[in-house]
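Chains, contacts and geometry: an overview
Below are the chains, spelled out letter by letter.
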Amino acid sequence: MGNAAYKAGPLPTPANNAGLIAQTLQAAGYDVIGARDLDQNGLRDAMRDFLTKANASGPNTVVFVYLAGFGVQYQGDNYFLPVDAQIADATDVPVEALRITDLTRSLAGINNRGSIVVLDAARAKPFVQSNQPLAGGLALVDPDANQLIASMPHRARSLRRSPAPMAPMPMLSRK
């Protein structure tokens, strides 16, 4: 899933990144459900449809979820934002966004071999302009059994980059 056309400020790469991931997974034999630029209702519907299909695919299935777009941390939880998110205050996050732990817990509850969740989240903050800023990065995630979760957690922000561009190293979690 690639969300790029945010009303609060578009992102240049999520839709293209999600398309490349989808092509790669299809070439590897995965049945891919793709989506881009989803509003809140579309995001929740897509997740519900995806979980239903993943659950029906059988116990030998490995589920892979790739989310590219804006991600925020609020009160220790990570959230993925739909393109129509209206977050004037940090307390709007749970109402406007998809909590990642809800997704990972749902994945843990279905009958499959395991799941991989990649949160490729931009953390520039065009949303909250109030006196309650959001955390400066994503929270570390404690995965359920048979899960691998990759993201760039808040603590990784302290790594200094050299002047030459380089890709960030994701944090991988597995249980």
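These numbers were taken from a predicted model, which means no experiment stands behind them.

1. Section: helix H1 (residues 14-27)
Taking 1.5 Å per residue as the helical rise, H1 with its 14 residues ought to reach 20 Å, and the 20 Å between its terminal C-alpha atoms agrees with that figure. Along H1, the positions that sit buried rather than exposed are Pro14, Ala15, Ala18, Ala22 and Leu25. For H1, the arc enclosing every buried residue in end-on projection is 95°, short of the 170-degree limit, so these residues lie on one face. In H1, the exposed residues that point more than 90 degrees away from the buried face are Asn16, Leu20, Gln23, Thr24 and Ala27. Residues of H1 that are buried sit in contact with strand S1 (62-74). The positive-phi residue at the C-terminal boundary of H1 is Gly29, with phi of around 100°.

2. So, the packing of aromatic side chains
Applying the stated criterion across every chain yields a total of 1 aromatic pair. Taken together, a centroid distance of 4.8 Å and an interplanar angle of 70° make the contact between Tyr6 and Phe70 edge-to-face. Of this pair, Tyr6 sits in the segment before H1 while Phe70 sits in strand S1, and the two are 64 residues apart along the sequence. Take Tyr6 and Phe70: they sit in the same class, and that class is buried.

3. Observations regarding the pattern of salt bridges
All chains considered together, the criterion is met by 5 salt bridges. For Asp31, the salt bridge is made with Lys53, and the minimal N-O distance between the two is 2.7 Å. With Asp31 in the loop between H1 and helix H2 (40-56) and Lys53 in helix H2, the pair connects residues that are 22 residues apart, well separated along the chain. Residue Arg99 pairs with Asp102 through a salt bridge whose shortest N-O separation is 2.7 Å. Of the residues examined, Arg99 reaches a relative accessible area of 27% and is grouped as partly exposed. Within this structure, Asp77, Arg99 and Asp102 form a network of salt bridges that share partners.

4. Quick look at the packing of H2 against helix H4 (residues 100-108)
For the pair H2 and H4, interaxial distance at closest approach is 10 Å and the crossing angle is 15°. The pairing of H2 with H4 is recorded here as roughly parallel in orientation. The two elements H2 and H4 cross, and the hand of that crossing is right-handed. Here Met47, Phe50 and Leu51 of H2 lie close against H4, whose contacting residues are Leu103, Ser106 and Leu107. Looking at side-chain class alone, the contact of H2 with H4 contains 5 nonpolar, 1 polar and no charged residues.

What counts as what
- Residues numbered from 1 in each chain as written.
- Predicted model: local features only at pLDDT ≥ 70, side-chain atom pairs only at ≥ 80, totals over all residues.
- Heavy atoms only, no water.
- Helix = DSSP H or I, 4+ residues; strand = E, 2+ residues; numbered from the N terminus.
- Expected span 1.5 Å × (residues − 1).
- Buried < 20%, exposed > 50% of the residue type's maximum accessible area, 1.4 Å probe, protein only.
- Arc of directions from axis to C-beta.
- Contact = heavy atoms within 4.5 Å.
- Phe/Tyr/Trp six-rings, centres within 6.5 Å; stacked < 30°, edge-to-face > 60°.
- Salt bridge = Lys/Arg side-chain N within 4 Å of Asp/Glu carboxyl O.
- Axes fitted to C-alpha atoms, helices over the stretch in contact; angles between N-to-C directions.
- Parallel < 35°, antiparallel > 145°, perpendicular 65-115°, else oblique.
- Left-handed = near helix turned anticlockwise from the far one by under 90°.
- Nonpolar A, V, L, I, M, F, W, Y, C, P; charged D, E, K, R; others polar.

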